[in-house]
Amino acid sequence: MEIQVTGLQKRFVSDGKVISALDNVDLHIPANTIFTLLGPSGCGKTTLLRCIVGLETPDAGEIRIGDEIVWSARKKIYVPTEKRKLGMVFQTYAIWPHMTVFDNVAYPLQTRKVAEKEIAERVAKTLSFVQLEGFEGRPATKLSGGQQQRVALARALVAEPKVILFDEPLSNLDAKLREETRKELKTFLSGLEITAIYVTHDRLEALALSDAISVMRSGNIVETGDPKKIYFNSESRFVADFIGRSNLIPATVESSAADETVVDSAIGKIRGRKTDFAPGTEVTLCLRPEFIRPSRDSGAMPAFNSLRGTVETLLFVGDAYEGEIRVGQTLLMSRIDPDTGFKPGDMVSFHVPPEHCHLVAK
Ligand code: ADP
Ligand code: MG
């Protein structure tokens, strides 16, 4: 089911100060997609999710789920949470420790007064789906973090909602388990005819899981797009910076040709991807570290976008070195192959193809 949010506003008053948690948010979430709200802590992700679920009352705007308006300030419509037919997985899982796995998962059906036989069947089906068959009688506290997470998922799925919402569901897991569960979750959700709204501040989680991402900042949605667009082709400096490590270099547009825009920057004249910026516009040149591939030999490099610099620092991170290369006054982050044998102080050269020189507004 698709979701449409229009002009949504929510303010909180705290210590006499007004906080605009949602500042006129418009959002369209297509049916059957994994849609992520990504942004730094405090940007309004949870508030937006809680408004969609009905746990928070907005000040203005409208929320539509499928064909039904579930909240509208102007039309005075409020559909209570339990009638919105949503499933929700919270950060803390909120599973009940004194109940067994079966009772935790059965709960949403029991409150809906579903017949016992049907409850048993649907719980069994859902537990098998999340690979927890045989755990029915186990107290919820006797489960690992990953298993508890799956109980929470099963409980959210058991009533077969058309929309499932997740608020940072993996943030309590350790790094390795988080990666595994992320993969599982992606597989689970992709196999369902379901719309998933996923809230996280973790960019890798967002990139790995999502069909589409909306990046939020201070109660606003800054940009929406598929993960590759958000990562490689963001429209704003904020998104380019937030979504991954990036070298952000001040630059001024010199000229635009049919397929390239040329800028003058702190690392010299650079041919970048085509933009519509007028000559003279101050912009930011975004260079991802993975596209800076230094070598000792500058012989075979093209006459443009080829730079020389000095290795300043090298940090071993397992599969590569994170290196800093000084070009004039600018330090550029780069990912360096461990077998290059570079040492700090080495002179290196590299060429950055124009398609990897991305220009955004200053
Ligand atoms: P996020 O989930 O992105 O971290 P939240 O939606 O929780 O952000 O919060 C957005 C802003 O609203 C923050 O500044 C937060 O402090 C504030 N806020 C959220 N809930 C309340 C509340 N119940 N009372 C006062 N301020 C709140
Ligand atoms: Mg939150």
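As shown above, the structure is provided for reference.
Since the structure is predicted, the reported quantities are computational estimates derived from the model, not experimental observations.

K.L.:
Please explain the site of ligand 1 as it appears in this structure.
P.N.:
Ligand 1 sits among Phe12, Ile19, Ala21, Pro40, Ser41, Gly42, Cys43, Gly44, Lys45, Thr46 and Thr47. In the model, an oxygen atom of ligand 1 is placed 3.2 Å from a nitrogen or oxygen of the Cys43 main chain. Within the side chain of Lys45, an N or O atom sits 2.8 Å from an oxygen atom of ligand 1. Contact with the protein chains removes 63% of the 560 Å² of surface that ligand 1 exposes when unbound. When contributions to the shell around ligand 1 are tallied by element, the ones reaching two or more residues are strand E2 (17–29) and helix H1 (45–53). Among the elements that line the shell around ligand 1, the one with the most residues is H1, at three residues. Of the residues belonging to the shell around ligand 1, the class tally is five nonpolar, five polar and one charged.

K.L.:
Even after reading the chapter, I still don't get the environment of Thr36, so can you show me in this structure?
P.N.:
Mapped onto the secondary structure, Thr36 falls in strand E3 (residues 34–38). It is 25 Å that separates the C-alpha atoms of Thr36 and Tyr78, two residues lying 42 residues apart in sequence. Each residue touching Thr36, except ones within four places of it in the same chain, is listed here: Tyr198, Thr200, Ala206, Ser210, Ala212, Ile213 and Ser214.

K.L.:
Before we go on, may I ask you to explain the packing of helix H4 (residues 145–157) against helix H5 (residues 175–190) in this structure?
P.N.:
In the contact formed by H4 and H5, the axes pass within 10 Å of each other and the chain directions differ by 25°. When the interaxial angle is binned, H4 and H5 end up roughly parallel. Our pair here, H4 against H5, has a crossing hand that is right-handed. The segment H4 lies against H5, with Gly145, Gly146, Gln149, Arg150 and Leu153 engaging Leu177, Thr181, Glu184, Leu185 and Phe188. Considering only residue class, the contact of H4 with H5 consists of four nonpolar, four polar and two charged.

K.L.:
Even after reading the chapter, I still don't get the pairing of strand E14 (residues 268–273), so can you show me in this structure?
P.N.:
Each regular strand displays side chains that alternate between the two surfaces of the sheet. As judged from the six bridges shared by strand E13 (residues 260–265) and E14, these two strands associate in the antiparallel manner. When the sheet's bridge partners are listed, Val262 is paired in E14 with Arg271. With antiparallel pairing between neighbouring strands as the criterion, E13 and E14 make up a hairpin whose turn holds two residues.

K.L.:
Is there a simple way to explain unusual backbone geometry in this structure?
P.N.:
Trans peptide bonds make up most of the peptide bonds, and negative phi angles are found at most residues other than glycine. Here Lys85, not a glycine, exhibits a phi torsion of approximately 55°, which is positive. Positionally, Lys85 belongs in the loop between strand E6 (77–78) and strand E7 (86–89). By relative accessible area, which is 55% here, Lys85 ends up exposed. At Glu160, a position not held by glycine, the phi torsion is positive, near 50°.

K.L.:
Is there a simple way to think about the sheet that holds strand E1 (residues 3–14) in this case?
P.N.:
Strands pair in a sheet through their backbones, by hydrogen bonds, and they do so in one of two ways: parallel or antiparallel. What the five strands build is an open sheet, ordered E2-E1-E4-E5-E6; its pairing is antiparallel. Edge positions in the sheet fall to E2 and E6, since each of these pairs with one other strand and no more. Relative to E2, E1 runs antiparallel, the two sharing 10 bridges. When the sheet's bridge partners are listed, Ile3 is paired in E2 with Ile29.

K.L.:
For this particular structure, what's the right way to read the environment of Glu62?
P.N.:
The topology assignment puts Glu62 in strand E4 (residues 60–65). Leave out the neighbours within four places in its chain, and Glu62 touches Gln4, Val5, Thr6, Leu8, Ile69, Trp71, Ser72 and Lys75. Here the side chain of Glu62 touches Ser72 through a polar contact of 3.4 Å, side chain to side chain.

K.L.:
What is the right way to read the packing of aromatic side chains from this model?
P.N.:
Think of a pair of aromatic rings as described by two things: how far the centres are apart, and how the planes are tilted against each other in angle. Scanning the model with the defined rule gives seven aromatic pairs in all. Where Tyr231 meets Phe232, the ring centres are 4.9 Å apart and the plane angle is 90°; that geometry is what we call edge-to-face. Taking 5.4 Å as the distance between ring centres and 55° as the angle between the ring planes, the aromatic pair formed by Phe316 and Tyr321 counts as tilted. Using a relative accessible area of 53% as the deciding quantity, one classes Phe316 as exposed. Here the aromatic residues Tyr231, Phe232 and Phe291 are joined through ring pairs into a cluster of three or more.

K.L.:
Explain the sheet that holds strand E11 (residues 220–225) here, please?
P.N.:
Read across the sheet, six strands follow the order E7-E8-E9-E3-E10-E11 without closing on themselves; strand pairing throughout is mixed. Two strands lie at the open edges of the sheet, namely E7 and E11, each paired on one side alone. Between one strand axis and the next, the sheet turns by 20° as a mean value, whatever way the strands run. Strand direction decides the pairing type here: E3 and strand E10 (residues 212–217), joined by four bridges, are parallel. Bridge pairing in E10 links Leu37 to Ser214. Sheet contacts for H1: E3, E7, strand E8 (163–167), strand E9 (195–200) and E10; angle to E8, the most-contacted strand, approximately 150°.

Thresholds, definitions, all that
- Residues numbered from 1 in each chain as written.
- Chains lettered and ligands numbered in written order.
- Predicted model: local features only at pLDDT ≥ 70, side-chain atom pairs only at ≥ 80, totals over all residues.
- Heavy atoms only, no water.
- Near = heavy atom within 4 Å.
- Polar contact = N/O pair within 3.5 Å; in protein donor to acceptor, adjacent residues only side chain to side chain.
- Areas by Shrake-Rupley, 256 points an atom, 1.4 Å probe, with all protein chains shown as cover.
- Helix = DSSP H or I, 4+ residues; strand = E, 2+ residues; numbered from the N terminus.
- Nonpolar A, V, L, I, M, F, W, Y, C, P; charged D, E, K, R; others polar.
- Contact = heavy atoms within 4.5 Å.
- Axes fitted to C-alpha atoms, helices over the stretch in contact; angles between N-to-C directions.
- Parallel < 35°, antiparallel > 145°, perpendicular 65-115°, else oblique.
- Left-handed = near helix turned anticlockwise from the far one by under 90°.
- Pairing = 2+ DSSP bridges.
- Buried < 20%, exposed > 50% of the residue type's maximum accessible area, 1.4 Å probe, protein only.
- Phe/Tyr/Trp six-rings, centres within 6.5 Å; stacked < 30°, edge-to-face > 60°.

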